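# Analysis of the macromolecular model
The chain contents come next:
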Number of protein chains: 2
Amino acid sequence: MNKLKDLKKDFLNEFEKIQELEGPSYLYDPIKYFVKSSGKRLRPIIVLFLGDLFNNNKKDSINGALGVELLHNFTLVHDDIMDEDDLRHNVATIHKKWDNAHAVLSGDGLGALGPLFIGKIQKNTLSILIRYNEVILEICEGQAYDMEFENKSFVSVSEYLLMSSKKTGSLFELCFEISSLISDKYQEHVKDLKKLGRNLGIIFQIQDDILELVSDDDRMGKSTYSDVERHKKTILTCLAMEKNLSDWNKLINSINNQKTLDKKKSIYNFLVKNNLKEESDKLLNKYIDECNEIIMNLPKEIQSGLNELISYIIKRSK
Amino acid sequence: MNKLKDLKKDFLNEFEKIQELEGPSYLYDPIKYFVKSSGKRLRPIIVLFLGDLFNNNKKDSINGALGVELLHNFTLVHDDIMDEDDLRHNVATIHKKWDNAHAVLSGDGLGALGPLFIGKIQKNTLSILIRYNEVILEICEGQAYDMEFENKSFVSVSEYLLMSSKKTGSLFELCFEISSLISDKYQEHVKDLKKLGRNLGIIFQIQDDILELVSDDDRMGKSTYSDVERHKKTILTCLAMEKNLSDWNKLINSINNQKTLDKKKSIYNFLVKNNLKEESDKLLNKYIDECNEIIMNLPKEIQSGLNELISYIIKRSK
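Quick look at the structure, then. Keep in mind it's a predicted model, so treat the numbers as computed, not measured.

Of regular secondary structure, chain A possesses 14 helices and two strands. For 318 residues, the compact-globule formula gives about 20 Å, and the C-alpha radius of gyration of chain A, at 20 Å, lands near that figure. Based on the C-alpha atoms only, the size of chain A along its principal axes is roughly 60 × 50 × 35 Å. The buried share among the 318 residues of chain A stands at 46%. Within chain A, residue pairs in contact and separated by at least 24 positions form 71% of the contacts whose partners lie at least 6 positions apart.

Encoded structure:
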């Protein structure tokens, strides 16, 4: 795991250069504030890890990594406005520290900076840039579904998975696609590598949901159970609705006036009683098995590296 | 002028295809609503007009036109959030008709759609796409200055011109740059054509400001004098501050409690007394002269076309 820590350090050294940008402070102060805050930097780590594994040009990998992380940061800043979240990684969100106007504009600025780094990639630049733009639209669509779900009394697991695939899977896929397109050897495997990336994004999202609802401490830096409070749909609530909609609705209505701790207990008990933790794990394992199958069909020399990367992402949150 | 009307019709026919996009209505309903509303469509008209003048590939021109108009629409949706404007082209803005979340996301969606059309251009695609991205950041910087100015008690004319150049000039420049880069014959004149475009953008912005403050009807579809009310800086207020800051401040303080009509009269009288309408016209003419000079040095066969285009933009608002 030391290697992955080193890659994160490498990335953060490069990301630090955002602090040197000059221009109107109305735009750049919130941008610099946001990129300085802590974050897993999972997406750029993937690009750098695969860059090493594929023997890619280092500079291309770094520009790819900066591009995907800036895109991710752009969506976080705007998602925080939409969700009216006050905290991100335990510090005030931009719209909370400044206001909505600063958050809208600095999100746009982060979104504008991303493709400038992608444009510096020396290999397959145009294809990568076009895919990068397609992914931005796909992420918007995923976020739109996520917002729509808040007002729906029933969301199926397959609707949820489509949302996750677009909102999270698309950018993970892009990390794998960029790494593949800047490589000499693995361009012919781009389709499998993309599929691997997208699956990994869905796995990541499902895990995030499971943690959000079942852990009772605050290790995600977000408030546990807030998803249920805000009618956000997660894999567990979708499974609950598919399994037993009327009981789930009864539960939600009955706990409305309970204290937070009691709510947590009620929801937790419902999930346990209905074996929903097991079912979400089963779904997770289905995606993990698919990943393993893809890896087995990829060239031998990259298999153990890919396994290492996937273990890192899966174990990260366990 | 019939030709320009025809080009607008051509563009609107193409733009209509946005209505056919499929996906989550949370994202696409506001997008379709916004692009359906009326608008001058000046930027795409420029690309199509120059496309004709330069004998460019029609499909490339149309994709360029769609790209610049979608980018413009993206910035309008987000600017309306930042300015808390309720109306645009006399219909409710997205954040007013829906809410901020819809407006943030659909603005992002418009911004994501733009480069997808730019990516379809067949000639110099990568250079154009990279310049397109650079311009997005420049527009963000221009908007940032514009927002910063609201809290400044003094903004110089040169600061104002830098803001205008970034916020408006950059995209006009891009229209000329795209048209030049997709042409066979005029790529070598890209530098002059870009300069012409940027100047034209600044002219357009100055004119917009003059109309905003001096016309007493509502032909712009925005509320006259609202700029002063909201501490927005315009060319006239910057000229006023440079000419006579203390008298301007006195005026602004003294009219605070006046009725709108009286405010209008007071401001109008101040501007007339200080010859500020003449001074802004003088500045405007300086930029127009520069445009004429650039045109004289461009190939003969496109001079009258360029003059026609510039007259259209200048006369549009007179």
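That shown, we press on.
Before going further, it helps to spend a moment on the relation of the copies chain B and chain A. Put simply, the second copy of the chain is the first one after a rotation about an axis and a shift along it. Structural alignment of chain B on chain A gives an RMSD of 0.0 Å, achieved by rotating through 180° and translating 0.0 Å along the axis. Expressed as an axis order, the relation between the two copies is that of a two-fold axis. Of every C-alpha in chain B, the one belonging to L126 of chain B sits nearest the axis of rotation, 2.8 Å from it. Both copies contact each other with a shared surface, as 100% of the interface residues of chain B are interface residues in chain A too.

Attention now goes to the interface of chain B and chain A. Taken together, the contact pairs 34 residues of chain B with 34 residues of chain A. Residue contributions to the side of chain B that touches chain A peak at 15 residues, all from helix α7 (residues 125-149) of chain B. For the side of chain B that touches chain A, the per-class residue count stands at 21 nonpolar, nine polar and four charged.

Right, let's get into the nonpolar core. The biggest cluster of nonpolar side chains holds 167 residues, and the ones touching the most others in it are C175 of chain A together with C175 of chain B. When sequence neighbours within four positions are dropped, the list of residues in contact with C175 of chain B reads R43, I46, V47, V68 and G197 of chain B.

This part takes up unusual backbone geometry. One non-glycine residue, N275 of chain A, lies in positive phi territory at about 55°. Taking the number of C-beta atoms within 10 Å as the measure of exposure, N275 of chain A has 13 and is therefore partly exposed.

What follows is about helix α11 (residues 235-254) of chain A. Residue and element names in this part refer to chain A. An ideal rise of 1.5 Å per residue puts 28 Å on 20 residues; α11 reaches only 21 Å between its terminal C-alpha atoms. At N244, α11 shows its largest bend, some 120°. Every buried residue of α11 is listed here: I235, L236, T237, C238, L239, A240, M241 and W248.

What counts as what
- Residues numbered from 1 in each chain as written.
- Chains lettered and ligands numbered in written order.
- Predicted model: local features only at pLDDT ≥ 70, side-chain atom pairs only at ≥ 80, totals over all residues.
- Helix = DSSP H or I, 4+ residues; strand = E, 2+ residues; numbered from the N terminus.
- Rg over C-alpha atoms; globule rule 2.2 N^0.38 Å.
- Buried ≥ 20, exposed ≤ 12 C-beta atoms within 10 Å, placed from the backbone.
- Contact = placed C-beta atoms within 7 Å.
- Least-squares fit on C-alpha atoms with pLDDT ≥ 70 in both.
- Nonpolar A, V, L, I, M, F, W, Y, C, P; charged D, E, K, R; others polar.
- Core = buried A, V, L, I, M, F, W, Y, C linked by C-beta atoms within 7 Å.
- Expected span 1.5 Å × (residues − 1).
- Bend = angle between axes of the 7 residues up to and from the residue.

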